[in-house]
Structure formats: C-alpha cells, structure tokens
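# Breakdown of the fold
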Amino acid sequence: MITADAFMAEASAAGFDFYTGVPCSYLTPLINGVLSNRALRYVGAASEGEAVAIAAGAWLAGRRTVAMCQNSGLGNMVNPLTSLNAPFRIPTLLVTTWRGRPGEPDEPQHVVMGEITHDLLSLMGIEHRPFPNVDAAIVPSLREAVTAMDASSQPFAFVMAKGDVADTALDQRPRDLPARGRLADYATRGARPTRVAALERFLALTDDSTAVIATTGKSGRELFTLADREQHLYQVGSMGGAAGMALGVALNTAKRVVVIDGDGAALMKLGTLATIGAEAPANLIHILLDNGVHDSTGGQATVSASVDFAAVAVACGYGYAASCDDLDGFERAWAEAATAGRPAMIHLRIAAGSMAKLGRPTVTPEAVARRFKAFLAR
C-alpha cells in the first residue's frame, strides 16, 4: 500500500499534472489526493468516455494526462480509446480499478468485467501493468509508462487493486452556483441554411488564432473541403467526444476554442454540457449544427426536434446560449458569444444534406493532431 501523496509527487516529477475521470471506491484515495492538491488539475467527467476525450484535448494543449475510472466504466472508454487515441496517436496514462477480481468477493455486476479487464486492455493494444502499490515501485512503474507512451504515442494503463492506496481525506472546495446565463432566441422559423453555408459564414467570422475542433462525420469533412487550416482538428471517430476534447483544450490554452458539434453527437454525450458549464472556460464557444438527422448514415432522424439545446446549455452553466435558424441570427449570436465571459453555445438549426462533392481529409489523423498541437503551443 502506498499513499496518494507518494504517487502524486513522483507522477508530478514525471510531468503528469492533469487528471480527469469518474470515481470508484478503489480510486477514492487517489482522487481525493488529487482534488486536495492545489498544484494539480482534476476534471470530474460525466462519463468515462468523456474523460478520455477531455484528456486528449489537454494533451493536445501540452499537458501530460491521467484518466481514471472503475473497470466497469472501461467499457465506456473503448470507443474513444480505439477511434480517437489510436488513430490520432494520443497517449494518456489510464488508471483503471480491478473490481470483480477473480477470487475476491464483489458485487455481481463486476464479475464479467473483473474476468476480462486485462484481456480487454490487451485487445485494444494498450500496454498495462499493476498499479505500483509499494513505494519502491512508483518511479520504475512511471518510468516504464512514460517510455512506452513516448515510443508508441498510445495510452498505457495501471490496473489498481483494492487497497493499493491508503485512505486519503478529501479537501475539496465547494462549487459556487453560477449566475444564470443569458438565453437568446433569434429563430425566424423560415428556410434553414445548409451546413456548408453555415461553415462558410463561420470561416468568414473567425480568425487565424482560433482553434477549431469539428465533430466526426460530415461537419469535419465539409470544413476540410472548404478550408484546411493548421488550427483545424477533424475528429474522425469518437462520436460525441468533440465537446469534451474542446474542453480539455480550452482549459489549457489562452486561445479561443470553437467546437463544431452535431445534434446526434451532442445527444450521445449530453453530460459533457454539464462538465463544460461547471469548468466554465471563458474561451470556449460551442457551435451546434442541428439538422435533425444522422446525415452520415442515411438521414435517420435524431430526437433533436424536441430538444432546446440552448436552454439546456444555460441550465448547465453556460454563460450565453442562442437559438437561431438563419445566418443573420448566427452572425448576431457569434458576436455575443465572443464576449460572453463564460462558455457560450450557438444552436443553429440547419437543413439536412451535404455538399454534392464532399471530400475527406487527406491529412492523416496523426498529422492533424501534431500540427494542431504545434499551433496551440505558439
């Protein structure tokens, strides 16, 4: 058994200073230690997959990251680990617990995952070792993890057993209830613009110092077709993860960060709105292009017609959110969002469909990530 302080001290010496995750009772001592350490940043995620996306964004902004979860939540990480970290080659140190360890009595819901935790990590190509539970093992274990991640540019996992870390008291400052944000409605109920028209207007309004993350599917493809810029990141997988990634970036850069989201993707990780509202980065603008369908897969309807995303965003702590359905309303909302002082959302309802000649990014995800990281570092 080690103390959380012992692990954090050596992890900090190795450069790990940004933590995110979802709690587990086995993780409680370590999470309590991180939350109590004012030199570290911990972002509590609404889901384990969201935590992976947040960590990926923080890595792009120059941080060395740790994502923590119970192994039951490891299943929620499978999609972003395999379709975000793997193709973009983004490393993070995973700490997953080992609930349901064979021969160790536990709740019935942990039995299956307890049996397959290590095999699941191996199937994803993620190197893993036992969490260091004696002081002498901390530095060598971290050194092995860093060496592996530097060589592979992929995540590395520690598997934590019950009792690996001694009990740690929690010293967490309570969150203040934010002032309610401003909600604007600029909808005209007329003809809706196309996605490409919205993106063209966005490109005309933004500048070369703004970081832009486009969600998977046709948003990224159309953005690439219109203008491929070094500050653009086209998320090719991890549906729903773009907003979490943008949050991880925004918390670690002074640059303005824009995430171009879709209704289907936002609905998949709706909890991310709450995390964004709670963390409250003033430099984040969330543009939600809502065409009411899953456009990339044949136009099947989403449930967005009955969702007021702007109201949800304000209820989650965004400082400003606007609903609009034409480009004049979008432009008006953009001007107001840029001065909101807290996260802002622009919910633009658009027409279904896409460009007739729609290309795909010809730059590899790894290259996109590296040039985006270099852009953020300037």
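Refer to the preceding data block for the structure.
We now turn to the structure provided with this report. (Residues numbered from 1 in each chain as written. Predicted model: local features only at pLDDT ≥ 70, side-chain atom pairs only at ≥ 80, totals over all residues. Heavy atoms only, no water.)

### Points about the environment of Pro-29
Note the following rule: Helix and strand definitions here come from DSSP, where helices need a minimum of 4 consecutive H or I residues and strands a minimum of 2 consecutive E residues; each element is numbered from the N-terminal end. Residue contacts are counted whenever heavy atoms from the two residues lie within 4.5 Å of one another.
Within the element layout of this structure, Pro-29 appears in helix α2 (residues 28-36). The spatial distance from the C-alpha of Pro-29 to the C-alpha of Val-363 is 43 Å, given a sequence separation of 334 residues. Once residues lying within four places of it in the same chain are set aside, the contact partners of Pro-29 are Ala-4, Val-165, Ala-166, Asp-167 and Thr-168.

### A closer look at helix α6 (residues 135-152)
Here is the rule we go by: Any helix carries an expected span of 1.5 Å times its number of residues minus one. We call a residue buried when its accessible area falls under 20% of the maximum for its residue type, exposed when it is over 50%, and partly exposed in between, using a 1.4 Å probe and counting protein chains only. Along the arc lie the directions from the helix axis toward the C-beta atoms.
Here α6 spans 27 Å end to end across 18 residues, near enough to the 26 Å set by a 1.5 Å rise per residue. Taken together, the buried positions of α6 are Ile-138, Ser-141, Leu-142, Ala-145, Val-146, Ala-148 and Met-149. Projection of α6 onto a plane perpendicular to its axis shows the buried side chains occupying an angular sector of 165°, all on one side. The exposed set on the far side of α6, more than 90 degrees from its buried face, consists of Ala-136, Arg-143, Asp-150 and Ala-151. For α6, the secondary structure elements touched by its buried residues are α1 (4-13), β1 (16-21), β3 (64-69), β4 (93-97), β5 (127-130) and β6 (156-160). Positive phi appears at Ser-153, one or two residues downstream of α6, with a value of about 55°.

### Structural notes on the side chain of Asn-283
This is how the line gets drawn: The term polar contact refers here to a pair of N or O atoms within 3.5 Å; inside protein, the definition further demands a hydrogen-donor-capable atom paired with an acceptor-capable atom, and it admits residues adjacent in sequence only when both atoms are side-chain atoms.
The residue Asn-283 is located in the loop between α11 (271-279) and β11 (284-290) in this model. On the basis of relative accessible area, Asn-283 is assigned to the buried category, the value being 15%. A distance of 3.2 Å separates the side chain of Asn-283 from the backbone oxygen of Ala-250, its partner in a polar contact. When sequence neighbours within four positions are dropped, the list of residues in contact with Asn-283 reads Ala-250, Thr-253, Ala-254, Lys-255, Arg-256 and Val-257.

### Let's talk about the nonpolar core
Generally speaking, a soluble globular protein has its nonpolar side chains buried in company with each other. Rules: Here, the term nonpolar core denotes a set of buried Ala, Val, Leu, Ile, Met, Phe, Trp, Tyr and Cys residues that are joined through side-chain atoms within 4.5 Å.
Core analysis: the biggest nonpolar cluster contains 76 residues, and Leu-60, Phe-202, Ile-260, Ile-287 and Ile-346 have the highest contact counts within it. When neighbours within four sequence positions are excluded, Leu-60 is seen to be in contact with Ile-90, Leu-233, Met-245, Val-249, Ala-369, Phe-372, Lys-373 and Leu-376. Residues Ile-2, Ala-4, Leu-142 and Phe-156 belong to the second largest nonpolar core, which totals 31 residues.

### Observations concerning the pairing of strand β10 (residues 257-262)
Spelled out, the test is: At least two bridges found by DSSP between two strands is the condition for calling them paired.
In terms of burial, β10 is largely enclosed, as 6 of its 6 residues are buried. Of the two faces of β10, the one holding Val-257, Val-259 and Asp-261 and the one holding Val-258, Ile-260 and Gly-262 are both buried throughout. Sheet analysis places strand β8 (residues 211-214) next to β10, joined by 4 bridges and oriented parallel. Bridged to Val-212 within β10 is Val-258. When β10 meets β11, the two strands line up parallel, connected through 6 bridges. The residue of β11 that forms the bridge with Val-259 is His-286.

### A short note on unusual backbone geometry
Trans is the common state for peptide bonds, and a negative phi is the common state for residues other than glycine. Its identity as a non-glycine residue notwithstanding, Arg-189 has a phi of 65°, on the positive side. Mapped onto the fold, Arg-189 is located in the loop between β7 (182-185) and α7 (195-205). The backbone of Ala-280 shows a phi angle near 55°, a positive value even though the residue is not glycine. Secondary-structure assignment places Ala-280 in the loop between α11 and β11.

### As for the packing of aromatic side chains
Which entries qualify depends on this criterion: A pair of aromatic rings is counted whenever rings of Phe, Tyr or Trp (Trp by its six-membered ring) have centres within 6.5 Å, and the orientation is called stacked for planes under 30 degrees apart, edge-to-face for over 60 and tilted otherwise. Counting as a charge over the ring demands two things of the Lys NZ or Arg CZ atom: a distance within 6 Å of the ring centre and an angle within 35 degrees of the ring normal.
In this structure the tally under the stated criterion is 6 aromatic pairs. Ring centres of Phe-131 and Phe-158 lie 6.0 Å apart, and the angle between their planes is 85°; on these two criteria the pair is classed as edge-to-face. With Phe-131 in the loop between β5 and α6 and Phe-158 in strand β6, this residue pair connects regions lying 27 residues apart in the sequence. We note that Phe-131, like Phe-158, is buried. Seen in terms of ring centroids, Phe-224 and Tyr-234 are 5.5 Å apart; in terms of plane orientation they differ by 90°. Their pairing is edge-to-face. Placement of Phe-224 in helix α8 (residues 218-226) and of Tyr-234 in strand β9 (residues 232-234) is noted, with a sequence separation of 10 residues between them. Each member of the pair, Phe-224 together with Tyr-234, is buried. One cation-aromatic arrangement involves Arg-64 over Phe-16; the distance from NZ or CZ to the ring centre is 5.6 Å. The aromatic ring of Phe-375 is capped on one face by Lys-255, whose charged end is 4.7 Å from the ring centroid.

### Looking at the sheet that holds β1
This is how the line gets drawn: Lines fitted to C-alpha atoms define the axes, with helix axes restricted to the stretch in contact, and inter-axis angles between N-to-C directions lie between 0 and 180 degrees.
Strands sit in the order β2-β1-β3-β4-β6-β5 across an open sheet of 6 strands; the sheet is parallel. Edge strands, defined here as strands with exactly one partner in the open sheet, are β2 (41-44) and β5. Here the strands of the sheet are splayed against their neighbours by 20° on average, with no regard to which way each runs. The pairing of β5 with β6 spans 4 bridges and is parallel. If you follow Pro-130 over to β6, its bridge partner there is Val-159. Running over the sheet, α6 touches β1, β3, β4, β5 and β6 and is turned about 150° from β6.

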